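Reading the structure
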Amino acid sequence: MNPFSSGTCLRDMIRAIRACKTAAEERAVVRKECAAIRASINEDDQDYRHRNLAKLMFIQMLGYPTHFGQMECLKLIASAGFPEKRIGYLGLMLLLDEREEVLMLVTNSLKQDLNHSNQYIVGLALCALGNICSAEMARDLAPEVERLLQFRDPNIRKKAALCSIRIIKKVPALAENFINCAASLLKEKHHGVLITGVQLCADLCKVSSEALEYFRKKCTEGLVRTLRDIVNSPYSPEYDISGVTDPYLHIRLLKLLRILGQGDADASDRMTDILAQVATKTESNKNAGNAILYECVETIMSIEDDGGLRVLAINILGKFLSNRDNNIRYVALNMLMRATTLGAQAVQRHRATILDCVKDSDASIRKRALDLLYLLVNDNNVKPLIKELIEYLEVSDQEFKGDLTAKICSLVEKFSSEKIWYIDQMLKVLSEAGNFVKDEVWHALIVVISNASDLHGYTVRALYRAFLTSTEQETLVRVAVWCIGEYGDMLVNNVGMLDIEDPITVTECDAVDAVEVAIKRHTSDLTTKAMALIALLKLSSRFPSYSERIKGIIVQNKGNVVLELQQRSIEFNRILQKHPKFRSALVERMPVLDEATFSGRRAGSLPTAISTSSGAPSNLPNGIAKPATAPIPDLLDLSSDDVPAPSFSGGDFLQDLLGVDLSPTPAPSGADMPPKASTDVLLDLLSIGMPLPVQTGLSASDILSSSQDDKAPFVNFNGLASLSSLSANATSPANAAPMMDLLDGRGPGPQKSEENDQAYPSLVAYESSSLRVMFNFSKQRGSPQTTLIQATFTNLSSNVYNDFLFQAAVPKFLQLHLDPASSNTLPASGDGSITQNLKVTNSQHGKKSLVMRVRIAYKTNNKDVLEERQINNFPQNL
Amino acid sequence: MIHFVLLISRQGKVRLTKWYSPYSQKERTKVIRELGGVILNRGPKLCNFVDWRGFKVVYKRYASLYFCMCIDQDDNELEVLEIIHHYVEILDRYFGSVCELDLIFNFHKAYYILDELLLAGELQESSKKTVARLIAAQDSLVETAKEQASSISNIIAQATK
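Residues numbered from 1 in each chain as written. Chains lettered and ligands numbered in written order. Predicted model: local features only at pLDDT ≥ 70, side-chain atom pairs only at ≥ 80, totals over all residues. Heavy atoms only, no water.

The subject of this paragraph is the overall build of chain A. For chain A, the helix and strand inventory stands at 42 helices and ten strands. The buried share of chain A, reckoned over its 878 residues, is 57%. When contacts within chain A are restricted to residue pairs at least 6 apart in sequence, those whose partners lie at least 24 apart make up 68%. (Helix = DSSP H or I, 4+ residues; strand = E, 2+ residues; numbered from the N terminus. Buried < 20%, exposed > 50% of the residue type's maximum accessible area, 1.4 Å probe, protein only. Contact = heavy atoms within 4.5 Å.)

Given below as structure tokens:
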């Protein structure tokens, strides 16, 4: 005999493991045991097989790998005796799950055991099948289970019923085979069979509408009768739980009635009496009774009803809400949430109680209550509720603050009737929990501030005050820095003082101090520091006397290890030193940000899958959405008359203006800017590191006109990747011509494609009677995943296309970046074309090929035309 | 439906796990660690429900053991509390005032009882008596088989003496 296997019995092994003082000791014991078991398995030792398996189950429970024992389960199941089978099936359920292929080997044994003469062996097989069967096994063994639904012993029938649930969940197509048997189970007297039968019917209704119809017609009456019998049944000790007869059966019956009554007035009508009886007669001082009431309320809420019962239900929930038991309050909040969709008025009565629950010490209750309260807020109660919530924000737990902040911000935004109230509340939130505020929320705040011209002074002073008291909140610092930069002069001169404000004396020095604090905080991140730099630049023109000091602060960042900051400070320093006369024009106050487009963009961009930047939502996809390409020509055609109102995107726009686009995509060009004033354009150019035009010594309008002369290269500046090289070049005494050079040199599309595109044939991506789109492909060296596509659009009709706009969307595994198009006007009859560069990164390179959905919009003869197409015929291996 | 049942001791040791939905071995370890952290750290007066990854976990403490069941969002939490209690009562009746040690050394018995109570993540039997009767019948089947085996081996032993 094997020297190992004779060793310990199960009990000894458990003792040995429990005696271990350290994890290492335990591992050693387990390793030794496992070695012994393996040896025993290799010897094919029959006597100790069941003991080995029992040990393995214990070891598995401790979290050690036990896959080597799987075959032992199968051997035990295949043996003849009940004890072996019992432990074998237990091992099967514990050591395997439905995804393991070994499981398929057991199908045959299961089939035999389902037909076994010993009913307990049949029971074991049903239990294993019900707990771990896969879809294939379900298909193979469904007929056996169906037959067992009529087995003589009720204990097998109930097991077969639950097993059927697993089968129809795995293979919904089998549902119809079970409908008749399930219906006959509903007539049983045995509680176990009845419970499982009702459950089976409920699950059948979920997967098959045919079953739902059948049960609704044939069984509603019977179920109501069964429920009535059970409600009125005399005391029976076997099923009694704290004074209620079989609450489990109650609950399952109510659940099935709910499914049958939903959306069917007739069926609902037949069950109203019994529901009313359950709702009024059930004892509510014990958990079992409350569980039934809870289920009953849910059924009342779900079925079609005139309202009488619903009042009863809401009253029950009201009682629950005032219960001292946390569990009951939790479920009440849960239910009230669903009730709000039916009648918010009735729920509103409990508002004060719900608000108390938000402040509960229990995280589960807090979360539910907050969700519920969120639904209850309306125009009338928003102010006091928000006040309460913000007060609570001060004392709430750290982990709850995130949730709470998001809800408050969303409510404040939704119900902001007055701007000053909105700004006030947001400032409170920012100073309490600014670190939890999402990017889009403070972006929105800035948009609102920018629009509220009469509140600029008030806001900047309030922010300054808040900033002095709490510098830990990142987003507060950002908003404060932005406002000080923009409205610094109002801060100092107390412009636009409101009556409610306390006067405050801030010197220019104080304002610069504040921004300096922000830039020097250790906790400030890149975005904040970059914003602070811009604010400093702006302040330098607002407070000329502090120009030198500001220069000093900016220069300190010249050696910053973060390229973005380094570059900014070098550029800004340059502006301060060399171009004092442009400075004031450059850093004029921002134009008012467009609220409508910003909110529209936010709403539009959130749910759609068009976003290709897989990361943060704040990182709005620049190249994809429609506004990015369109306004470029506007920028170039400043002189022309037909400048359409630019439809720029709020998100990009804001990021642009802030100059904080730190996303991996190249910084958006000035293209997104409205052509309102040349200084705005410049300002934006500036923020993406294009001090170049200023260097040339041309006036702003000169630059624009010069860029008009040669549109193509100017457009390419969006592709500028290495900004540092640009800065280096920019210092040379440049004029218009070198600038063109520089820009020309940046046009990567055509040159690259000449080098590389032999490998891929060009593709006519789209051709209609009016338009042809050609794609030329090329790859960047060293990155096979990335494909550069040059799209060429040719007009085949005899009319000029205006406002030409090409958009593309890709599935999640691709990333798409669109550069701006060379023009938005497409001359008629193929007499010229528009080109546009796309960059596609395929994260599944080699596995999936490219696919793209494109949409082309343009105006011809003053008519809007929209063409859409899915492109599937990309060359392989792109 | 019940997705899994966990019994965790106050020290975070796993005493029983039963999975009705497929979880890989890795996921199982992760789930246990995660939930153990959440549940063991909850105060005694808090409610017995925890929101977890879009599911609800209902737990109840009996002496040094936490009984946890993970259910769907729209299941009845109060009923699951009752099911847990139901299980504990059956265990109590079977072992005679059950304690953690009973469940450690006779973990397979605890599983057998659970298998008579729950199947495919649904309740199977609401009568404690029936469960006890079924378990007793199966236990006696095992006993008879063992006796037979030992008597046969005795006969063989005597014959070969």
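On to the overall build of chain B, then. If you tally the helices and strands in chain B, you get five helices and seven strands. Ordered by position from N to C terminus, the α and β elements of chain B give β-β-α-β-β-β-α-α-α-β-β-α. Taken across its 161 residues, chain B has 57% of its residues classed as buried. Looking at chain B alone, contacts between residues at least 24 apart form 44% of all its contacts between residues at least 6 apart. Carbon and sulfur atoms form 56% of the exposed surface of chain B, whose accessible area is close to 6700 Å². (Areas by Shrake-Rupley, 256 points an atom, 1.4 Å probe, with all protein chains shown as cover.)

What follows deals with the side chain of A:Arg461. Residues and elements named next belong to chain A. Tracing the backbone shows Arg461 in helix 26 (residues 456–469). Note on Arg461: relative accessible area 0%, which makes it buried. Filtering out sequence-adjacent residues up to four positions away, Arg461 remains in contact with Met490, Leu491, Asn494, Val495, Gly496, Met497, Glu501 and Ile504.

Right, let's get into the layout of surface pockets. Of the voids in this model, the largest pocket is the one considered here, and its volume is about 1000 Å³. Lining the largest pocket are 30 residues, with A:His50, A:Arg51, A:Pro83, B:Val142 and B:Lys146 positioned closest to its centre. Put simply, the parts of the chain that give the lining of the largest pocket at least two residues each are helix 1 (10–19), helix 3 (49–61), helix 4 (70–78) and helix 5 (82–95) of chain A together with helix 4 (107–117) and helix 5 (128–160) of chain B. No other element matches the eight residues that helix 5 of chain B contributes to the lining of the largest pocket. (1 Å grid on protein atoms, 1.4 Å probe; cavity = no way out; pocket = protein on both sides within 12 Å on 5 of 7 lines; lining within 4 Å. Points joined across faces, edges and corners; volume = space filled by probe spheres on them.)

Residues and elements named next belong to chain A. Here helix 10 (residues 175–185) crosses helix 12 (residues 209–218) at 20°, and the two axes come no closer than 10 Å. By the angle between their axes, helix 10 is roughly parallel relative to helix 12. Seen along the crossing, helix 10 lies across helix 12 with a hand that is right-handed. Note on element contacts: helix 12 touches helix 10 through Glu210, Ala211, Tyr214 and Phe215, opposite Glu176, Ile179, Asn180, Ala182 and Ala183. A class-by-class count of the residues in the contact of helix 10 with helix 12 yields six nonpolar, one polar and two charged. (Axes fitted to C-alpha atoms, helices over the stretch in contact; angles between N-to-C directions. Parallel < 35°, antiparallel > 145°, perpendicular 65-115°, else oblique. Left-handed = near helix turned anticlockwise from the far one by under 90°. Nonpolar A, V, L, I, M, F, W, Y, C, P; charged D, E, K, R; others polar.)

Here the focus is the state of the cysteines. Taken as a whole and assessed by the stated rule, the structure comprises zero disulfides over all chains. For the unlinked cysteine B:Cys68, the closest cysteine sulfur is that of B:Cys70, found at 9.9 Å. (Disulfide = S-S within 2.5 Å.)

With that out of the way, let us pick up the sheet that holds strand 9 (residues 852–860) of chain A. All names here are of chain A. On the basis of which strands lie adjacent, the open sheet formed by three strands has the order 6-9-10 and antiparallel pairing. Single-partner strands in this sheet number two, and they are strand 6 (802–809) and strand 10 (863–871). Taken over all neighbouring pairs, the strand axes of this sheet differ in orientation by 10° on average, direction set aside. With nine bridges joining them, strand 9 and strand 10 adopt antiparallel strand pairing. Of the residues in strand 10, the one forming a bridge with Lys859 is Asp864. (Pairing = 2+ DSSP bridges.)

Bringing helix 16 (residues 287–302) of chain A into the picture now. Over its 16 residues, helix 16 of chain A extends 23 Å from the first C-alpha to the last, a length consistent with the 22 Å expected when each residue adds 1.5 Å. Burial analysis of helix 16 of chain A places 14 of its 16 residues in the buried class, which makes it a mostly covered element. (Expected span 1.5 Å × (residues − 1).)

Along its 14 residues, helix 17 (residues 308–321) of chain A runs 20 Å from first to last C-alpha, staying within 8% of the 20 Å computed at 1.5 Å per residue. Along helix 17 of chain A, the positions that sit buried rather than exposed are A:Leu309, A:Ala313, A:Ile314, A:Ile316, A:Leu317, A:Gly318, A:Phe320 and A:Leu321.

All names here are of chain B. For strand 2 (residues 14–19), the buried fraction is high: six of the six residues fall into the buried class. Sheet topology places strand 1 (residues 2–9) next to strand 2; five bridges connect them, and they run antiparallel. Paired with Val5 across the strands is Lys18, a residue of strand 2. In this structure, the hairpin formed by strand 1 and strand 2 is closed by a connection of four residues, where Gly12 is found at a positive phi of approximately 90°.

Of the residues in chain A, 80% reach a pLDDT of 70 or more, and the chain-wide mean stands at 75. Confidence over residues 1–6 of chain A falls short of pLDDT 50; this stretch has twelve contacts with residues more than four positions distant or in other chains. (pLDDT = per-residue confidence, 0-100.)

This part covers the sheet that holds strand 4 (residues 55–62) of chain B. The strands making up a sheet are joined through hydrogen bonds of the backbone, oriented either antiparallel or parallel. Residues and elements named next belong to chain B. Judged by pairing direction, the sheet is antiparallel, and its five strands sit side by side in the order 2-1-5-4-3 without closing on themselves. Single-partner strands in this sheet number two, and they are strand 2 and strand 3 (49–52). Mean inter-strand twist for the sheet, computed between neighbouring axes without regard to direction, equals 20°. Direction of pairing for strand 4 relative to strand 5 (residues 65–71): antiparallel, over a ladder of seven bridges. Looking at strand 5, one finds that Val57 is bridged to Cys70.

Next up on the list: the packing of helix 1 of chain A against helix 3 of chain A. Helix packing for two helices is described by the angle between their axes and how far apart those axes are. Residues and elements named next belong to chain A. The contact between helix 1 and helix 3 brings their axes to 10 Å, and the two run at 25°. Put simply, helix 1 runs roughly parallel to helix 3. In this structure, the crossing between helix 1 and helix 3 has a hand that is right-handed. In contact with Leu10, Met13, Ile14 and Ile17 of helix 1, helix 3 contributes Arg51, Ala54, Lys55, Phe58 and Ile59. Each residue belonging to the contact of helix 1 with helix 3 can be placed in one class, and the counts come to seven nonpolar, no polar and two charged.

Time to look at the nonpolar core. Ranked by internal contacts, the top residues of the largest apolar core, which has 282 residues, are A:Leu92, A:Phe215, A:Ile354 and B:Tyr87. Leave out the neighbours within four places in its chain, and A:Ile354 touches A:Leu321, A:Leu333, A:Leu336, A:Val347, A:Ala369, A:Leu372, A:Leu373 and A:Leu376. Judged by nonpolar contacts, the second largest core, of 34 residues, contains A:Val773, A:Val810, A:Phe874 and A:Leu878. (Core = buried A, V, L, I, M, F, W, Y, C linked by side-chain atoms within 4.5 Å.)

Considering the arrangement of structural elements, one finds A:Gln70 in helix 4. You can call A:Gln70 buried: its relative accessible area is 7%.

Moving on, we get to the packing of aromatic side chains. This model, assessed by the stated rule, comprises 21 aromatic pairs over all chains. Judged by centre distance (5.0 Å) and plane angle (45°), the rings of B:Phe4 and B:Trp19 are tilted. Residue B:Phe4 is found in strand 1, and its partner B:Trp19 is found in strand 2; the two are separated by 15 residues along the sequence. There is no split in this pair, since B:Phe4 and B:Trp19 are both buried. Through a chain of ring-to-ring contacts, the aromatic side chains of A:Phe793, A:Tyr801, A:Phe804, A:Phe806 and A:Tyr858 assemble into a single cluster. A cation sits over an aromatic face here: A:Arg38 above A:Phe68, 4.2 Å from the ring centre. The positively charged end of A:Lys407 is found above the aromatic ring belonging to A:Tyr374, 5.5 Å away from the centroid. (Phe/Tyr/Trp six-rings, centres within 6.5 Å; stacked < 30°, edge-to-face > 60°. Lys NZ or Arg CZ within 6 Å of the ring centre and 35° of its normal.)

What follows is about the interface of chain B and chain A. Each partner contributes to the interface: chain B provides 63 residues, whereas chain A provides 70 residues. Here chain B packs against chain A, burying approximately 5900 Å² in sum over the two surfaces, 54% of which is carbon and sulfur. Our count for the contact surface shared by chain B and chain A stands at six salt bridges. Here A:Arg252 ties to B:Glu79 by a salt bridge, and the two come within 2.5 Å at their closest N and O atoms. Elements with a contribution of two residues or more to the side of chain B that touches chain A: strand 2, helix 1 (25–40), strand 3, helix 2 (77–95), helix 3 (100–105), helix 4, strand 7 (122–123) and helix 5 of chain B. (Buried area = accessible area lost by both parts, 1.4 Å probe. Salt bridge = Lys/Arg side-chain N within 4 Å of Asp/Glu carboxyl O.)

Next up on the list: the pattern of salt bridges. This structure, assessed with the given rule, holds 34 salt bridges over all chains. The shortest N-O distance in the salt bridge between A:Glu72 and A:Arg49 comes to 3.1 Å. Highlighted residues: A:Glu72 in helix 4 and A:Arg49 in helix 3, separated in sequence by 23 residues. Note that B:Asp139 and A:Arg86 form a salt bridge whose closest N and O atoms lie 2.9 Å from each other.

Here we come to unusual backbone geometry. Residue and element names in this part refer to chain A. Its identity as a non-glycine residue notwithstanding, Asp246 has a phi of 45°, on the positive side. Examined against the element boundaries, Asp246 turns out to sit in the loop between strand 2 (244–245) and helix 14 (247–261). In this structure Asp246 comes out as buried when scored by relative accessible area, which is 1%.

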